[in-house]
Amino acid sequence: MARQSLNWSSPFSTLDEDVFYAKVSPSALINPRWVDVNESLLEVIGLPLDFDNPLTLDAFSGGSPLEGWDPIAQVYSGHQFGQWAGQLGDGRGLYLGECGGYEWHLKGAGKTPFSRFGDGRSVLRSAIREYLGSEYMHALGVSTTRALTLVASDTPVQRETLERGATLTRLAKSHLRIGHFEHFYHQNSHQALAELIEFAISQLDPDLNELPDRIEQVFARYIDRSAKLVAQWMAVGFVHGVMNTDNTALSGETLDYGPYGFLMAYRDDYVINHTDQAGRYAYGQQPRVMHWNLGCLAETLTPFLSVETLRALLNTFPERYRLHYRLEMAGRLAVDPAHEDLPELVDQLKGVWSKNGMFYPELFIALLDESFKGLSRPTAEMIVPEPLRALWESMAESSQIEEARAKSPAWMLSHWLLDQVIESAEAGDYAPVQSLRKAIHQGIGQPCDVATKLGDSPPDLNSAYHLSCSS
Ligand code: AMP
Ligand code: MG
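These numbers were taken from a predicted model, which means no experiment stands behind them.

**Student:** For the packing of aromatic side chains, give the residues involved together with the corresponding values.
**Tutor:** Under the counting rule described, the total for this entry stands at 23 aromatic pairs. Here the aromatic rings of Phe12 and Tyr95 are separated by 5.9 Å at their centres, their planes lie at 55°, and the arrangement is tilted. Of the two residues, Phe12 sits in the segment before strand 1 (21–23) while Tyr95 sits in strand 6 (residues 93–99), which places them 83 residues apart along the sequence. Taking the relative accessible area as the measure of exposure, Tyr95 reaches 1% and is therefore buried. Relative to Phe60, the ring of Trp34 has its centre 6.0 Å away and its plane inclined at 50°; by these criteria the two rings are tilted. Remark: Phe60 occurs in helix 2 (residues 54–60) and Trp34 occurs in strand 2 (residues 33–37); sequence separation between them is 26 residues. Through a chain of ring-to-ring contacts, three or more aromatic side chains come together here, namely Tyr136, Trp233, Phe238, Tyr257, Tyr260, Phe262 and Trp411. Lying across the ring of Tyr260, Arg129 places its NZ or CZ 4.4 Å from the centre. It is Arg280 that lies over the ring of Trp292; its NZ or CZ is 4.6 Å from the centre.

**Student:** Could you give me a rundown of the packing of helix 14 (residues 415–426) against helix 15 (residues 431–442), with the residues and numbers involved?
**Tutor:** As a packed pair, helix 14 and helix 15 sit with axes 7 Å apart at the nearest point and diverge in direction by 135°. Accordingly, the angle class assigned to the pair helix 14 and helix 15 is oblique. Every residue of helix 15 that contacts helix 14 at Leu417, Val421, Ser424 and Ala425 is listed here: Pro432, Val433 and Leu436. Each residue belonging to the contact of helix 14 with helix 15 can be placed in one class, and the counts come to 6 nonpolar, 1 polar and no charged.

**Student:** Go over the nonpolar core, please, and point to the residues and values.
**Tutor:** Membership of the largest hydrophobic core comes to 149 residues, with the highest contact counts inside it found for Trp104 and Trp411. Take this core: its biggest share by element is 13 residues, from helix 6 (residues 214–236). Summarising the domain contributions, this core has at least three residues from each of domain 1 (11–172) and domain 2 (178–328).

**Student:** Now, about the domain arrangement of the protein chain: what can you tell me, with residues and values included?
**Tutor:** Splitting the protein chain by domain gives domain 1 (11–172) and domain 2 (178–328). Here the C-alpha centroids of domain 1 and domain 2 sit 22 Å apart. With 35 residues of domain 1 at the contact, the number on the domain 2 side is 37 residues. In total, about 3,000 Å² of surface goes out of reach between domain 1 and domain 2, with carbon and sulfur atoms giving 60% of it. Three residues, His79, Phe81 and Arg129, lead the burial of domain 1 against domain 2; their summed loss comes to 22% of the area buried on that side. Remark: the boundary between domain 1 and domain 2 carries 0 salt bridges. Our count for the domain 1 to domain 2 interface comes out at 15 residue pairs in polar contact (both at pLDDT 80 or more). The set of elements that each furnish at least two residues to the side of domain 1 that touches domain 2 consists of strand 4 (77–80), strand 5 (83–87), strand 7 (102–107), helix 3 (124–139) and strand 10 (162–172). Here the element with the most residues in the side of domain 1 that touches domain 2 is helix 3; it accounts for 6 residues.

**Student:** Just give me the short version of the site of ligand 1, but keep the residues and values in it.
**Tutor:** As a matter of local geometry, ligand 1 sits amid 17 residues, with Gly89, Gly91, Arg116, Asp119 and Gly120 nearest to it. Here Arg92 contributes a side-chain N or O atom positioned 3.4 Å from a nitrogen atom of ligand 1. Its free accessible area being 480 Å², ligand 1 has 82% of it covered by the protein chains. Its residues assigned to classes, the shell around ligand 1 shows 2 nonpolar, 7 polar and 8 charged. Two domains each provide a minimum of three residues to the shell around ligand 1, namely domain 1 (11–172) and domain 2 (178–328).

**Student:** I'd like a rundown of a negative patch on the surface, residues and numbers included.
**Tutor:** On the surface, a cluster of negative charge is contributed by Asp16, Glu17, Asp18 and Glu195. Relative to the elements of secondary structure, Asp16 occurs in the segment before strand 1. Asp16 gets classed as partly exposed once you look at its relative accessible area, which sits at 43%.

Procedures and definitions
- Residues numbered from 1 in each chain as written.
- Chains lettered and ligands numbered in written order.
- Predicted model: local features only at pLDDT ≥ 70, side-chain atom pairs only at ≥ 80, totals over all residues.
- Heavy atoms only, no water.
- Phe/Tyr/Trp six-rings, centres within 6.5 Å; stacked < 30°, edge-to-face > 60°.
- Helix = DSSP H or I, 4+ residues; strand = E, 2+ residues; numbered from the N terminus.
- Buried < 20%, exposed > 50% of the residue type's maximum accessible area, 1.4 Å probe, protein only.
- Lys NZ or Arg CZ within 6 Å of the ring centre and 35° of its normal.
- Axes fitted to C-alpha atoms, helices over the stretch in contact; angles between N-to-C directions.
- Parallel < 35°, antiparallel > 145°, perpendicular 65-115°, else oblique.
- Contact = heavy atoms within 4.5 Å.
- Nonpolar A, V, L, I, M, F, W, Y, C, P; charged D, E, K, R; others polar.
- Core = buried A, V, L, I, M, F, W, Y, C linked by side-chain atoms within 4.5 Å.
- Domains from an automatic or database assignment.
- Buried area = accessible area lost by both parts, 1.4 Å probe.
- Salt bridge = Lys/Arg side-chain N within 4 Å of Asp/Glu carboxyl O.
- Polar contact = N/O pair within 3.5 Å; in protein donor to acceptor, adjacent residues only side chain to side chain.
- Near = heavy atom within 4 Å.
- Areas by Shrake-Rupley, 256 points an atom, 1.4 Å probe, with all protein chains shown as cover.
- Patch = residues over 30% accessible without salt bridge, like charges linked within 9 Å, V, L, I, M, F, W, Y side chains within 5 Å.
- Lys, Arg positive; Asp, Glu negative; His and termini not counted.
- Charge placed at Lys NZ, Arg CZ, Asp CG, Glu CD.

Shown next, in the form of structure tokens:
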């Protein structure tokens, strides 16, 4: 494996085994095959991995780890749907170590001490959704984990129906979650918690390392990053679906692509996760939920900071969110963020989204590019009412239109498109996955034939589409 001797390190393993993690041997899938390898990401991080080598496929499908990998399962806890859920942890994913500026995590490689009643597997359906979803979000300019490899297999995996096992390699700046801090706080292990906080600072915010007020400062950063992330989601119409504290990263990256989705018409009460009957994680609730999750994080810092300090910082969230949302929308509309009519423009746009039956992301491009015809639904008319167009034209900065246009998708990674891609892949045809991944990296502002062809039968705009949490 000479070509594969990469520069691996494993910072998380410097923490105490058994307190913070367990070493785990992955378990191999039966008859694995590559569905896709994300060459664009590989190029960016400049890794000389040989994907034609059978040992590479073996490693990325839960077989013998590559030289330098140090597979471990991390322990964390969390609040799920507002309730304390106790210990969770990596039940079907393994931290492999760090390389190329990212932590590598192999999802679906078998049971760990934290699997509870689960089988440690991921199914192809959900691995495809995460693979394409995270890359599409990255292309939209949203902070997110990335996806590097996708492997299918013949391993039977029981969900509502019998499916097949798959693995996905996820790359993240950090996999630390609010739930990591919660785990040690709720166990009353304040010494371990203090160690973990120092570790988190050294990983994500090393410039704060030596400062006496570093915990206060890092909490302020977690608040700001989370406010920015949720503002990005709201701007692109992304619904996470399971914003539990164990799925909320301290890095401000979108983490855990379960039952996620994009808005069709603009609707604050849009719910994607069918187990979420109360609508806790509806699109319009996301800023409030992020604030609530940060409240859980604040509680874990009470051994180190006064309640007054924590409360004062936590109270900055709504304002930070409003600021980031304004910046996001301004950037996507090519308008000066300080323009006094921006809130009015955004309100009017929301009105059009909710009435005219446009898909949420399409309205940006309908303004920014008059030649655009509405690729997600080639038959629909893209109408922006004249007064609204005139208002936008009076505000837009021509020098910023090109940049805004580049971030505006000309096609949508809709749930009905994903359903088609998944159906093909389950029948052994991986070409649509590969084509969409390539189209994402060539620029989502460009039309994509495969998306047009496979995504041309949207359901009724107000139809309920609920995804199962099972993955
Ligand atoms: P999620 O809903 O994917 O965020 O998962 C919540 C918790 O359940 C995490 O601790 C996961 O590792 C665990 N989990 C989810 N699915 C499985 C599975 N198939 N096998 C083992 N653990 C799982
Ligand atoms: Mg999770």
